[in-house]
Amino acid sequence: QVQLVESGGGSVQAGGSLKLSCVASESIFSWCGMAWYRQVSGKERELVSGISPDSKTRYIDSVKGRFTISQDNAKNTLYLEMNSLKTEDMAVYSCAADCSGWAYWGQGTQVTVSS
């Protein structure tokens, strides 16, 4: 069973930056698609960014140019660097792995952005 553990959330002012990390318990990046999701209480979970095993990345329009997804295979760690944060980015951010149809989720980390 793959385990994912996020960290790096916190409170920042609008315009600030945070870098989220997601450590996987196994070396999975070569065969699993990875992604960051976010969810605001009372709303549906939203896919923010993803990276494929061949390192192709994708982002939702609202974060393009501000967020960067990356992964360090040697550290089994997925990152989401978030710059120019806006109040609307405030949510619980979770990482997820899609491993040949098997889905694994982290517990989430809170990102709070104040105006």
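All residue numbers refer to position in the chain's written sequence, counted from 1. Totals for whole chains, interfaces and linings use all residues, but because this is a predicted model, local features are given only for residues with pLDDT of at least 70 and pairs of side-chain atoms are given and counted only at 80 or more. As a convention, hydrogens and water are excluded, and side-chain values are obtained from all of the structure's heavy atoms.

1. Side note on the packing of aromatic side chains
Move 1: Whether two aromatic rings pair depends on their centres lying within 6.5 Å, for rings of Phe, Tyr and Trp, where Trp uses its six-membered ring; planes under 30 degrees apart make the pair stacked, over 60 edge-to-face, and the rest tilted. Taken as a whole, this structure holds 1 aromatic pair when the rule is applied.
Move 2: For the pair Tyr37 and Trp105, a centre-to-centre distance of 4.8 Å together with 55 degrees between the ring planes defines the contact as tilted. Of the two residues, Tyr37 is situated in strand S4 (residues 33-39) and Trp105 in strand S10 (residues 102-105); the sequence distance between them amounts to 68 residues.
Move 3: A 1.4 Å probe rolled over the protein chains alone gives each residue an accessible area, and that area as a share of the maximum for its type sets the label: buried under 20%, exposed over 50%, partly exposed in between. The class of Trp105 is partly exposed, set by a relative accessible area of 35%.
Move 4: We count a charge as sitting over a ring when the NZ of a lysine or the CZ of an arginine lies within 6 Å of the ring centre and within 35 degrees of the ring normal. Lying across the ring of Tyr79, Lys19 places its NZ or CZ 4.6 Å from the centre.
Move 5: Residue placement shows Arg45 over the ring face of Tyr37; its charged tip is 5.8 Å from the ring centre. Only runs of H or I of at least four residues qualify as helices and only runs of E of at least two qualify as strands under DSSP, and these elements are numbered from the N terminus.

2. Thoughts on the nonpolar core
Move 1: As used in this record, nonpolar core signifies buried Ala, Val, Leu, Ile, Met, Phe, Trp, Tyr and Cys residues forming a set joined through side-chain atoms within 4.5 Å. Leu4, Ile28 and Tyr93 are the most contacted members of the largest nonpolar core, which totals 30 residues.
Move 2: Among the elements of the structure, strand S3 (18-24), S4, strand S5 (46-51), strand S7 (67-72), strand S8 (77-82), strand S9 (91-99) and strand S11 (109-114) are those that each provide at least two residues to this core.
Move 3: Ranked by residues supplied to this core, first place goes to S9 with 5 residues.
Move 4: Excluding anything up to four places from it in sequence, Tyr93 contacts Glu6, Leu20, Trp36, Tyr37, Arg38, Val48, Phe67, Leu80, Met82, Gly108, Thr109 and Val111. Here, residues are in contact when the closest pair of their heavy atoms is within 4.5 Å.

3. Some points on the environment of Thr112
Move 1: Mapped onto the fold, Thr112 is located in strand S11.
Move 2: Take Thr112: its relative accessible area is 26%, and that puts it in the partly exposed class.
Move 3: Distance from Thr112 to Met90, taken between C-alpha atoms, is 4.9 Å for residues 22 residues apart in sequence.
Move 4: Not counting residues within four places of it along the chain, the set of residues in contact with Thr112 comprises Gly10, Ser11, Val12 and Met90.

4. Details of the state of the cysteines
Move 1: Any two cysteine sulfur atoms lying within 2.5 Å of each other are counted as a disulfide. Applying the stated criterion across every chain yields a total of 2 disulfides.
Move 2: Sulfur-sulfur distance for the disulfide between Cys22 and Cys95 comes to 2.0 Å. Because the sign of the S-S torsion sets the handedness, a value of about 55 degrees for the bond joining Cys22 and Cys95 places this disulfide among the right-handed ones. Of this pair, Cys22 sits in strand S3 while Cys95 is found in strand S9, placing the two residues 73 residues apart along the sequence. Each member of the pair, Cys22 together with Cys95, is buried.

5. What about the sheet that holds strand S1 (residues 4-7)?
Move 1: Strand pairing is assigned whenever DSSP detects at least two bridges linking the two strands. Overall, antiparallel pairing links the 4 strands, which are arranged S1-S3-S8-S7 in an open sheet. Each edge of the open sheet carries a strand with a single partner, namely S1 and S7. Between one strand axis and the next, the sheet turns through 15 degrees on average, direction left out of account.
Move 2: As defined by bridge partners, S7 adjoins S8 across 6 bridges and the pair is classed as antiparallel. Bridging across to S8, Gln71 finds its partner in Leu78. Each axis is a line fitted through C-alpha atoms, taken for helices only over the stretch in contact, and angles between the N-to-C directions span 0 to 180 degrees.

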